[in-house]
Amino acid sequence: MPEKVVIIGSGPAGWSAAIYAARANLDPLVFEGTVKPEMIPLGQLAFTTEVENYPGFPFGNVRAFIESAVDKDRHWNLPPAPDHKRDGVYHYAVQGVELMELMKQQALNFDTRVIGDDIVDIDVSSRPYKVIPASGDPVETHTIIVATGARANYLGLPSEEEYKNKGVSACAVCDGALPIYRSKPLAVVGGGDSAVEEATYLTKFASKVYMIHRRDELRASKIMADRALNNKKIEMVWDSEVTDVIGDDVITGVKIQNNKTNEDSELAVNGLFIAIGHTPITGFLNGQLDTDDKGYLILEDLYRSTTKIEGCFAAGDVVDSTYRQAITAAGMGCKASIDAERWLADQGIE
Ligand SMILES: Cc1cc2nc3c(=O)[nH]c(=O)nc-3n(C[C@H](O)[C@H](O)[C@H](O)COP(=O)(O)OP(=O)(O)OC[C@H]3O[C@@H](n4cnc5c(N)ncnc54)[C@H](O)[C@@H]3O)c2cc1C
């Protein structure tokens, strides 16, 4: 018997889709991916520390709740609780891995089946469709929900890796409001619309924002470029590339090189936000679903999760170059599951 719903991906979109599908008696099967340098099971939030903007998780004794909710055999995966206490009791915002383990647990509680493997291809040329795991036999399925996310592009410097979560970030909306960045000089690398958005957003918190761009004009649309150029808190650093991130426990500055004069200099900053684009994870689809010029999957109906192949749905960052937040991804996962359920009902598949 073919599966009713196969979900590819284990970030907020994937688990949310699984929770809805499982509660609708669709017995979903999730392929959660394997560890690769740039992607791990549980999605992008597994790369971050505290998540302050996911609704329902104010500061509190998160550790006690997590330990009570998540199966004991997965406690090894929980990061140490941050040492923030109130009246001697843990008091912190949920950490990325904790939030994702809770989402996974909620899906498991309704009997979602999970396979720790990558899908390396799909076949949607005839129904039922097939998903092909890296190891193991192809799996037949009536519907597929693609929730494989997108990874942030980084510069590729070893020091940048060392200072991730210690001042290096790829998401201003996620991290800009954290205390370590408040009233401090910060830098954004990039020159497109997203870089301008990130820099403008950071001006709410920073004492000053440098925009480091390797050209002498912004790639952003004119209206966005003007927004940056007219913002008194933003200073442009043209024709320049970051060559190193420096600091002690946290970052204290960046080394930059002017690519016209080859002159090296240092900029004292307490945060470095990389805004040089994202890479949606769609390669394994081998062109069977349409993508836009940035590689994001194209939805047939922007208000839903439908793709050009009926019975194939997509959700989360893999379709979303605009918002890229855990809450929006989870919302899209819910939509994909409801779309799959209704499509199955229309086909008379129970
Ligand atoms: C450092 C960092 C900090 C962030 N902080 C915040 C924050 O504070 N608040 C917030 O709202 N958002 C934050 N975000 C953004 C948020 O993480 C994403 O918007 C969200 O995780 C997207 O969810 P998703 O389910 O679409 O995809 P992802 O979370 O990217 O998950 C996709 C999953 O699919 C798996 N996968 C990929 N390909 C395959 C395959 N072929 N087969 C099987 N599995 C596969 C991957 O391993 C991954 O686990 C942050 C992102 C980063 C990188």
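Enquirer: Now, about the nonpolar core: what can you tell me, with residues and values included?
Expert: For soluble globular proteins, the rule of thumb is that nonpolar side chains tend to be buried together. Counting residues in hydrophobic clusters, the biggest one holds 59 residues, and the most contacted among them are Ala17, Ile145 and Ala315. Counting residues per element, this core draws most heavily on helix H1 (residues 12-23), at eight residues. In contact with Ala17, other than residues within four places in its own chain, are Ile7, Ile145, Ala147, Ala315, Gly333, Ala336 and Ser337. Val168, Ile234, Val245 and Val254 belong to the second largest nonpolar core, which has 33 residues in total.

Enquirer: Explain the site of the ligand residue by residue, including any values.
Expert: Around the ligand lies a shell of 41 residues, among which Gly11, Gly33, Gly43, Gly149 and Gly316 are the nearest. The residue makeup of the shell around the ligand, split by class, is 24 nonpolar, 13 polar and four charged.

Enquirer: Break down the domain arrangement of the protein for me, citing the residues and quoting the values.
Expert: With domains assigned, the protein is organised as domain 1 (3-152 + 278-346) and domain 2 (158-274). Computed over C-alpha atoms only, the centres of domain 1 and domain 2 are separated by 30 Å. Listed as interface residues are five residues of domain 1 and, on the opposing side, five residues of domain 2. For the side of domain 1 that touches domain 2, the per-class residue count stands at one nonpolar, three polar and one charged.

Enquirer: Tell me what's going on with the packing of H1 against helix H3 (residues 96-109), and back it up with residues and numbers.
Expert: Running from amino to carboxyl end, H1 crosses H3 at an angle of 20°, the nearest separation of the two axes being 8 Å. Taken together, the axes of H1 and H3 lie roughly parallel to each other. In the packing of H1 onto H3, the handedness of the crossing is left-handed. Listed contacts from H3 to Pro12, Trp15, Ala18, Ile19 and Ala22 of H1 are Met103, Lys104, Gln106 and Ala107.

Enquirer: If you had to explain the packing of helix H2 (residues 62-69) against H3 to someone new, which residues and values would you point to?
Expert: Running from N to C, H2 and H3 cross one another at 30°; their axes reach a closest spacing of 10 Å. On the basis of their axis angle, the class for H2 and H3 is roughly parallel. Along this stretch, H2 crosses H3, giving a crossing that reads as left-handed. Each of Val62, Ile66 and Ala69 in H2 lies in contact with H3, whose residues at this interface are Glu98, Leu102 and Gln105. Its residues assigned to classes, the contact of H2 with H3 comprises four nonpolar, one polar and one charged.

Enquirer: A description of the sheet that holds strand E11 (residues 185-189) should follow, citing residues and the corresponding values.
Expert: Taken in spatial order, the five strands make up an open sheet running E10-E17-E11-E12-E13, and their pairing is parallel. On the outer flanks of this sheet lie strand E10 (168-169) and strand E13 (234-237), each paired with one strand and no other. With two bridges connecting them, E10 and strand E17 (residues 271-274) associate as parallel partners. Within the sheet, the bridge partner assigned to Val168 lies in E17 and is Leu272.

What counts, and where the lines are drawn
- Going along each chain's sequence as written, the residues are numbered from 1 onward.
- In keeping with the predicted nature of the model, local features appear solely for residues at pLDDT of at least 70, side-chain atom pairs appear and are counted solely at 80 or more, and the whole-chain, interface and lining totals rest on all residues.
- The term nonpolar core refers to a set of buried Ala, Val, Leu, Ile, Met, Phe, Trp, Tyr and Cys residues connected through C-beta atoms within 7 Å.
- For every residue, the other C-beta atoms within 10 Å of its own C-beta are counted; 20 or more classify it as buried, 12 or fewer as exposed, and values in between as partly exposed. C-beta atoms are placed from the backbone.
- Put simply, DSSP H or I for four residues or longer makes a helix, DSSP E for two residues or longer makes a strand, and each gets a number counted from the N terminus.
- Remark: residues whose backbone-derived C-beta atoms lie within 7 Å of one another are considered to be in contact.
- To decide nearness, the C-beta atom of each residue is placed from the backbone, and the residue is near a molecule or strand if that atom lies within 6 Å of it.
- Residues are grouped as follows: Ala, Val, Leu, Ile, Met, Phe, Trp, Tyr, Cys and Pro are nonpolar; Asp, Glu, Lys and Arg are charged; all remaining types, including Gly, are polar.
- Residue ranges assigned to each domain were obtained from an automatic or database domain assignment.
- Note on definitions: angles span 0 to 180 degrees between N-to-C directions of axes, and those axes are lines fitted to C-alpha atoms, for helices only across the stretch in contact.
- Here is the rule for angles: anything less than 35 degrees is roughly parallel, anything more than 145 is roughly antiparallel, 65 through 115 is roughly perpendicular, and the remaining ranges are oblique.
- In a left-handed crossing the near helix is turned counterclockwise from the far helix by less than a right angle, and in a right-handed crossing that turn is clockwise.
- We treat two strands as partners when DSSP finds at least two bridges between them.

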